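Residue-level structural notes
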Amino acid sequence: MRRLLVGLTALSALAAVTACGSSGSGGQDGAGPSGTTTVKVGIVPVLDVAPIYLGEKKGFYADRGIELELSPAQGGAAIVPGVVSGQFQFGFSNTTSLLVARSKNVPVKAVVNGAASTGEDGADFAAITVRKGSPLTSAKQLEGKKAAVNTLNNICDTSIKESVRKDGGDPSRVEFVEMPFDQMPAALDGGQVDAACTPEPALATVKAAGGKEIASNFHDVSPDLTVAMYFTSQQYAAKNPGVVKRFREATVASLKYADSHPEEVRQILTTYTKIPTTLLEQLTLPRYPAEPDRPSIERLAELGERDGLFDKAPDLDELLP
């Protein structure tokens, strides 16, 4: 938590600087001499971002004069500073990271939805998992245990706490350990952690090794949970409304295409993750609605306040598109 808060405090101080920062590649509204705008996008290499890779391949961005440079990062908490400082023009982040940022007056603005829960308990694209042979069978039993999350004080631990709470346990007794998603299956097998927050494709990897899921943590927050969104800085949006509009349109087209072409989603995943092709058919895909679900985000804000991520929930009208 200390690292996140220090970073966000620094970002607040950067706000005035970034107001005069880069508007992207090229001249007015970010357009280069050829009329194409190159934008750098910070992403997390998980199944959630398959639509943007698929949209790039299908030409949805190029058709709208946008050239993408996709830069992987460990989590949304690392991407937020990059967007506000101008390192990235757009970013992909879990919703809780964006709520924490807005609560610290960091000038981020959601542009379009990213991914959502399947709405099915026990059949979601993310789950709390345990290793093969683990005695743990429910979220309540995580009391006094170690659980892996990709970044601390974000959507993974907030949702795990809610699963524990709903199961009658004390979420304050869970110890969270930070590590990248792709390292979690090995950490479970090696006994470094007792459980892990595993979205696909880590979820399929754990199951293939004989592991099991003990709770659908995203579903436990809300069946229609908006797990993540694409966002930009308020400064970039004000200076480059045309680029933001085109990026949103291209991403909406990508989300709709991904929802109706699940096999292509599975295949594109092999281009930016290390998942074996033998596991592709076992993947549970998220939903890719174009618009965020506000009630689920309000619920995340309530949990963030309850768990001490911020003293007061931020104004969602300032965050949401």
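Report on the accompanying structure. (Residues numbered from 1 in each chain as written. Predicted model: local features only at pLDDT ≥ 70, side-chain atom pairs only at ≥ 80, totals over all residues. Heavy atoms only, no water.)

**What to know about the overall build of the protein chain**
Within the protein chain, the regular secondary structure consists of 13 helices and 10 strands. Looking at the 321 residues of the protein chain, the share that counts as buried comes to 56%. Taking all contacts inside the protein chain whose residues are at least 6 apart in sequence as the whole, residues at least 24 apart take part in 80%. Taken as a whole, the protein chain presents about 12,600 Å² of accessible surface, with 49% of it coming from carbon and sulfur. (Helix = DSSP H or I, 4+ residues; strand = E, 2+ residues; numbered from the N terminus. Buried < 20%, exposed > 50% of the residue type's maximum accessible area, 1.4 Å probe, protein only. Contact = heavy atoms within 4.5 Å. Areas by Shrake-Rupley, 256 points an atom, 1.4 Å probe, with all protein chains shown as cover.)

**With respect to the nonpolar core**
Residues Ile52 and Phe247 are the most contacted members of the largest nonpolar core, which totals 100 residues. At eight residues, helix 10 (residues 241-260) tops the list of elements feeding residues into this core. Among residues more than four places away in sequence, those in contact with Phe247 are Val41, Ile52, Tyr61, Ile66, Leu68, Phe90, Val111 and Tyr230. (Core = buried A, V, L, I, M, F, W, Y, C linked by side-chain atoms within 4.5 Å.)

**Thoughts on unusual backbone geometry**
Here the bond from Glu200 into Pro201 is cis, since omega is 5°, no more than 30 degrees from zero. Within the secondary structure, Pro201 sits in the loop between strand 8 (195-199) and helix 7 (202-208). Its identity as a non-glycine residue notwithstanding, Asn105 has a phi of 60°, on the positive side. Tracing the chain through its elements places Asn105 in the loop between helix 4 (95-103) and strand 4 (108-116). Residue Asn105 is classed as exposed on the basis of its relative accessible area, which comes to 57%. Positive phi, close to 55°, is recorded for Asn153, a residue that is not glycine. Its location among the elements puts Asn153 in the loop between strand 6 (146-149) and helix 5 (155-166).

**Observations regarding helix 3 (residues 76-85)**
For an α-helix the count is 3.6 residues per turn, leaving residues at separations of three or four pointing the same way. Gly76, Ile79, Val80, Gly82, Val83 and Val84 are the residues of helix 3 that are buried. Trailing helix 3 by a residue or two, Gly86 shows a phi angle of about 95°, which is positive.

**Notes on the state of the cysteines**
Applying the stated criterion to the full structure yields one disulfide. Here Cys156 is linked by a disulfide to Cys197, with a sulfur-sulfur distance of 2.1 Å. The chirality of the disulfide connecting Cys156 with Cys197 is left-handed, given an S-S dihedral of about -65°. Of this pair, Cys156 sits in helix 5 while Cys197 sits in strand 8, and the two are 41 residues apart along the sequence. For the pair Cys156 and Cys197, one class covers both residues: buried. (Disulfide = S-S within 2.5 Å.)

**Observations concerning the packing of helix 2 (residues 50-58) against helix 11 (residues 262-269)**
Across the interface, helix 2 lies against helix 11 with an axial gap of 9 Å and an inter-helix angle of 95°. The angle between helix 2 and helix 11 falls in the class roughly perpendicular. Here Ala50, Tyr53, Leu54, Lys57 and Lys58 of helix 2 lie close against helix 11, whose contacting residues are Glu264, Val265 and Ile268. Residue composition of the contact of helix 2 with helix 11, grouped by class: five nonpolar, no polar and three charged. (Axes fitted to C-alpha atoms, helices over the stretch in contact; angles between N-to-C directions. Parallel < 35°, antiparallel > 145°, perpendicular 65-115°, else oblique. Nonpolar A, V, L, I, M, F, W, Y, C, P; charged D, E, K, R; others polar.)

**Overview of empty space enclosed by the protein**
Under the criterion given, the structure shown has three cavities of 30 Å³ or more. Put simply, the largest cavity is a space of about 160 Å³. Together, 16 residues line the largest cavity, and Asp48, Asn94, Asn150, Ile155 and Phe181 are the ones closest to its centre. Looking at the lining of the largest cavity, the elements that each hand over two or more residues are strand 3 (90-94), helix 5 and strand 10 (226-233). (1 Å grid on protein atoms, 1.4 Å probe; cavity = no way out; pocket = protein on both sides within 12 Å on 5 of 7 lines; lining within 4 Å. Points joined across faces, edges and corners; volume = space filled by probe spheres on them.)

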